[in-house]
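Survey of secondary and tertiary structure
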Amino acid sequence: MAKPAPSNPAKEPVFLVFQGGGALGAYQAGVYEALHKGGYEPEWLAGISIGAINCAIIAGNPPEQRLPRLRQFWDRVSELVPVPWPAESGIGRRLFNETSAAITAMAGAPGFFTPRMPPPFAATPGSEAAISFYDTMPLRQTLVELVDFDLLNDGPIRVSVGAVNVLSGNLVFFDSDRIRIEPEHIMASGALPPGFPPVMIDGEPYWDGGLVSNTPLQYVLDTKQPGDAVIFQVDLFCARGDMPQTLSDVLQREKDIRYSSRTRFNTDVEKELVALRGAVARLMGKLPPEMRDDADVQFLSRCEEEGAVSVVHMINHREVFESQSKDYEFSRLTVNSHWHDGHRDAAKSISHPAWLDRVRHSSGIMTFDLAGAVGKVDAQMVV
């Protein structure tokens, strides 16, 4: 039986694509809140690491429970440092953030992970305790509590989460259209070494998908059925940045580059493929009848039109007081700030005139970057 497709104001299937990024994932929760309030309910969720956890919470709850469950998760993991610091910016805020990150490193995050005692250096080689600093069983308990996995697998939303096979080094996607998703699949997607241990699935160990690619956009583009779609791509790391001035800046910039995963490169490649498909289609119409049975011509004729795809890009931009520890800085103040920023950027994007007044194209890919600097609009189309 086919899954019912949720409605949305654009009258197109809506896909949400979530990067990994630890504590920064609260930004994605804010994005979902704005989309939910705007009537954009997803038909497909694809995520890596913390993005996979957000995907599971959204897909594993009925619409009226999704935001409360997301809030419950993010309040839980940020409860160790719940009291706001008086400084909102500058050196005071950086000191607060670094202190919060240090608390997380030493004590873990409630409902997510706890430090191993004794540490891995004292554990038996080859054991799980010897190859990771933290125990992630609290995350499993949280997922079981907050996610209805029957609804996740049999409900209206397709879920795809990426993880890396430790032995082969290959990135794989666990897809609810193909297999039953369990808590272990979500945990595997977020098992970032050496902090977290690999997760065993069908006798194979898996680590965080971000080790190979932190953005599942290409998987969605490659495996979607031909037809129209709106893809909200939500990035937690910004590929563009300034020249580092300190060693701390270097560490943060390196992390941003590594985990941004070249999202715009993916859309640029897809535009080239769309142009190629169009050229092939036009060429087929110019061939004489006697050539149309040629094996090469028949092979090229299978290049189907993909439909009209609109990619709305939203990026969590760094704050001046953040450092390379920003992805494990789980204070309540910072989590709420990320949530607010995600809501702001998504609300701005879906209310922007370039989005509201867009002319639906018949085929090809159009990209929108509407939540950046004031007046900056990136709307491009290839047909």
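Since the model is a prediction, treat every value here as computed from it, not as a measurement.

What counts, and at which threshold
- Residues numbered from 1 in each chain as written.
- Predicted model: local features only at pLDDT ≥ 70, side-chain atom pairs only at ≥ 80, totals over all residues.
- Heavy atoms only, no water.
- Helix = DSSP H or I, 4+ residues; strand = E, 2+ residues; numbered from the N terminus.
- Buried < 20%, exposed > 50% of the residue type's maximum accessible area, 1.4 Å probe, protein only.
- Contact = heavy atoms within 4.5 Å.
- Areas by Shrake-Rupley, 256 points an atom, 1.4 Å probe, with all protein chains shown as cover.
- Core = buried A, V, L, I, M, F, W, Y, C linked by side-chain atoms within 4.5 Å.
- UniProt positions renumbered as here; feature names shortened; annotations may be inferred.
- Pairing = 2+ DSSP bridges.
- Polar contact = N/O pair within 3.5 Å; in protein donor to acceptor, adjacent residues only side chain to side chain.
- Phe/Tyr/Trp six-rings, centres within 6.5 Å; stacked < 30°, edge-to-face > 60°.
- Lys NZ or Arg CZ within 6 Å of the ring centre and 35° of its normal.
- pLDDT = per-residue confidence, 0-100.

When helices and strands are tallied, the protein shows 13 helices and 12 strands. For the protein, with 383 residues in total, the buried portion stands at 53%. Pairs at least 24 residues apart make up 74% of the contacts formed inside the protein by residues separated by at least 6 positions. Accessible surface, the protein: about 17100 Å² in total, of which carbon and sulfur atoms supply 59%.

What follows concerns the nonpolar core. I53, F73, W74, F112, I186 and F232 are the most contacted members of the largest nonpolar core, which has 69 residues in total. Looking at this core element by element, the count peaks at eight residues for helix α2 (residues 50-59). Excluding residues within four positions of it along the chain, W74 makes contact with G22, A23, G25, A26, A29, I50, N54, F330, V335 and W339. Judged by nonpolar contacts, the second largest core, of 15 residues, contains W44, F173, Y219 and V220.

Turning next to the UniProt feature "active site" (unreviewed entry) in the protein. UniProt marks S49 and D208 with the feature "active site" (unreviewed entry), using the numbering shown here. In terms of the greatest pairwise C-alpha distance, the residues named above, spread along 160 residues, form a tight cluster of at most 6.0 Å across. In this fold, S49 is placed in the loop between β2 (44-48) and α2. Owing to a relative accessible area of 11%, S49 belongs among the buried residues under this scheme. Here S49 is in contact with G20, S189, G190 and D208, once residues within four sequence places are set aside. For D208, a relative accessible area of 2% translates into the label buried.

Once that is clear, we can look at the pairing of strand β8 (residues 204-208). Pairing geometry for strand β5 (residues 158-165) and β8, over three bridges, is antiparallel. Looking at the pairing, N165 lines up with Y206 of β8. As judged from the three bridges shared by strand β7 (residues 199-201) and β8, these two strands associate in the antiparallel manner. In the sheet register, M200 faces β8, and the bridge partner there is P205. Hairpin connection between β7 and β8: a loop of two residues separates the two successive antiparallel strands, and D202 in this loop has a positive phi of roughly 50°.

Turning to the pairing of strand β6 (residues 171-175), a few remarks are in order. Taken together, the five bridges between β5 and β6 define a ladder with antiparallel strand orientation. Directly across from V164, in β6, lies its bridge partner L171. The turn linking β5 back onto β6 is made up of five residues, and G169 within it adopts a positive phi angle of 75°.

Attention now moves to the environment of F73. Mapped onto the secondary structure, F73 falls in helix α3 (residues 63-77). When the C-alpha atoms of F73 and I57 are compared, they prove to be 8.7 Å apart, with 16 residues separating the residues in sequence.

Moving on: the environment of W74. Take W74: it is sitting in helix α3. Put simply, W74 and S331 are 257 residues apart on the chain and 10.0 Å apart in space, counted from C-alpha to C-alpha. Of note is the side chain of W74, whose polar atom sits 3.2 Å from the side chain of N54.

Once that is clear, we can look at the packing of aromatic side chains. Here the structure, examined in full by the defined rule, presents 18 aromatic pairs. When the ring of W355 is compared with that of F368, the centres are 5.2 Å apart and the planes differ by 85°; the resulting orientation is edge-to-face. With a gap of 13 residues between them, W355 in helix α13 (residues 353-356) and F368 in strand β11 (residues 364-368) connect regions that are remote in the sequence. A relative accessible area of 3% places W355 in the buried class. An aromatic cluster of three or more residues is present, and its members are F73, W74, F112, F113, Y134, F196 and F330. Sitting above the plane of the W339 ring, R71 keeps its charged end 3.8 Å from the centroid.

This part covers the confidence of the model for the protein. This prediction gives the protein a mean pLDDT of 87; 83% of its residues lie at or above 70. Overall, residues 1-7 carries pLDDT values under 50, and its contacts beyond four positions in sequence, including any with other chains, amount to 16 contacts. Every residue in residues 374-383 is under pLDDT 50, and counting partners more than four places away or in other chains gives 27 contacts.

Take α2 next. Note: α-helices contain 3.6 residues per turn, so residues at a spacing of three or four share the same orientation. For α2, the buried fraction is high: 10 of the 10 residues fall into the buried class. For α2, the complete set of buried residues consists of I50, G51, A52, I53, N54, C55, A56, I57, I58 and A59.

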